[in-house]
Amino acid sequence: MSSNDKLDAEHVERLITAGTAPDAAVAELVDELGLDTVGEILIDEIVFRCPPPENTTAVTIALEVVHGVRRRRTLLRVMRDEPISQVNGDGRAVQMVLEIDVLDLVRRIFGPVGHRRTGDFRNAFLPSGLEHLGYLRDTALATDTLLSGCGNDSVDLGALAVRYGSDKWASLHWYAPHYEHHFERFRDHPVRLLEIGIGGEDRELGGASLKMWKRYFHRGLIVGVDIFDKSLLNQRRLTAAVADQRVAEELAAIGDLYGPFDIVIDDGSHVAEDIRTAFHALLPYLRHDGIYVIEDLQTSYLPEFGGSAGEAAEPYTAVGLVKQLVDDLHFQERASAADQPPTLTQACVTGIHVYHNIVFLEKGTNGEEGFPHWLRQLLAGPGHS
Ligand SMILES: C[S@@+](CC[C@H](N)C(=O)[O-])C[C@H]1O[C@@H](n2cnc3c(N)ncnc32)[C@H](O)[C@@H]1O
């Protein structure tokens, strides 16, 4: 990472933190970083968040971000089948002006979920393009697209999976509702998420799920690792790094550099041994209260992925790991627990939620004592010691 990229990443992190800070702290940060730097980061984020435009003729929207007497104007061209782009010009072709105070925009982008839809923008609807019959509708569609990008609440995860092309919903897999159920509590937090397996292998760039997570966690820092170099995906809040999940040291290096993580997802090779290697290597880099997800448990039953050929999943598979973790969760109940210190998994895996083909493992303090020895003796009656 170049020193400029590092500085930029630091600015983004500080703005994310400012999303929930008092107005005075946000204003101070904008003064320190400058309206241009802050404006550029916010516009970049808005363009990323916008859904695909639906207007069939091009609409130019001027977004004016204001801070005291200073003002930063960006012209954005919005049109179906085109990426939203910044354009130069004197503003004569502008159909809509949207003006917003930078503090309100920081809140919309990096604040808690549920921004205001109106009441913080000023707008001017201009007659440029009146000769075109669909002018009103196209301007409204384009403005709606941009306003959707200026916030954080339109996040149906299944729809995002489909938008970015991830197979986590409505195609090969049906994971989105499980993810929403377990990840909802993180939505307002500046989470760090690591996903093993970026997608596309050596044939395509991939990155569908990383973009989906970036959109879903509007304050999140998203890191993906793959055996293939996918650094062309790098953008603000999204890093694509190279690591092989078969090599614990490579994953530890990722943990040292980008962790600790609130969420780790294994959607990599799906080979039994690799899943176990990654789990044991990354568990120390998962925060207390974090979640470790393993996708595609079905490979535990597929010999070509190192799975079992028989009816029941063998101990060396991912499902075997889950079964072992159920025992570990209850280690205090076993007689041997008193004699030895707990293993890492015994000490910190506190919840195991298994669904069809996917498991969510919760990390915390597995500290409840076992069923008391004295009570067992009492229940067993006189004569038992
Ligand atoms: C199923 S795809 C990931 C899809 C992506 N998570 C998504 O939902 O859009 C699996 C990816 O894992 C990568 N992969 C395979 N073996 C790996 C390994 N040993 N270490 C890291 N990544 C690996 C592949 O290159 C491929 O890009």
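Residues numbered from 1 in each chain as written. Predicted model: local features only at pLDDT ≥ 70, side-chain atom pairs only at ≥ 80, totals over all residues. Heavy atoms only, no water.

(A) Geometry of the domain arrangement of the protein. Looking at the assigned domains, one finds that the protein contains domain 1 (3–149) and domain 2 (157–363). Between the C-alpha centres of domain 1 and domain 2 the distance comes to 34 Å. Taken together, the contact between domain 1 and domain 2 spans 22 residues of the former and 15 residues of the latter. Interface of domain 1 and domain 2: buried area, both sides summed, is about 1600 Å²; carbon and sulfur atoms make up 51% of it. Arg-236 serves as the salt-bridge partner of Asp-8, at 2.8 Å between the closest nitrogen and oxygen. (Domains from an automatic or database assignment. Contact = heavy atoms within 4.5 Å. Buried area = accessible area lost by both parts, 1.4 Å probe. Salt bridge = Lys/Arg side-chain N within 4 Å of Asp/Glu carboxyl O.)

(B) Focus on the nonpolar core. Counting residues in each nonpolar core, the largest one holds 39 residues, and the members touching the most others are Leu-42, Ile-46, Ile-61, Leu-98, Val-102 and Leu-105. For this core, the elements supplying multiple residues, two or more each, are helix H1 (3–18), helix H2 (23–33), helix H3 (35–49), strand S1 (59–67), strand S2 (70–78), strand S4 (94–101), helix H4 (102–110) and helix H5 (135–149). Leaving out residues up to four positions away in the same chain, Val-102 has contacts with Val-30, Leu-35, Val-38, Leu-42, Val-65, Val-66 and His-67. (Core = buried A, V, L, I, M, F, W, Y, C linked by side-chain atoms within 4.5 Å. Buried < 20%, exposed > 50% of the residue type's maximum accessible area, 1.4 Å probe, protein only. Helix = DSSP H or I, 4+ residues; strand = E, 2+ residues; numbered from the N terminus.)

(C) Representation of the layout of surface pockets. Looking at the largest pocket, its volume works out to about 750 Å³. Around the largest pocket, the lining comprises 34 residues; the ones closest to its centre are Gly-199, Glu-201, Asp-267, Gly-268 and His-270. Of all the secondary-structure elements, those providing two or more residues to the lining of the largest pocket are helix H8 (208–216) and strand S7 (221–226). Along the lines of polarity and charge, the residues of the lining of the largest pocket split into 10 nonpolar, 15 polar and 9 charged. Space inside the second largest pocket adds up to approximately 580 Å³. Around the second largest pocket sit 20 residues that line it, and Met-1, Asp-5, Ala-9, Thr-239 and Tyr-258 are the ones nearest its centre. Secondary-structure elements contributing two or more residues to the lining of the second largest pocket are H1, S7, strand S8 (238–242) and helix H9 (248–258). Examining the composition of the lining of the second largest pocket, we find that 6 residues originate from one element, H1, more than from any other. Of the residues in the lining of the second largest pocket, the class split is 10 nonpolar, 3 polar and 7 charged. Three or more residues apiece are contributed to the lining of the second largest pocket by two domains, here domain 1 (3–149) and domain 2 (157–363). (1 Å grid on protein atoms, 1.4 Å probe; cavity = no way out; pocket = protein on both sides within 12 Å on 5 of 7 lines; lining within 4 Å. Points joined across faces, edges and corners; volume = space filled by probe spheres on them. Nonpolar A, V, L, I, M, F, W, Y, C, P; charged D, E, K, R; others polar.)

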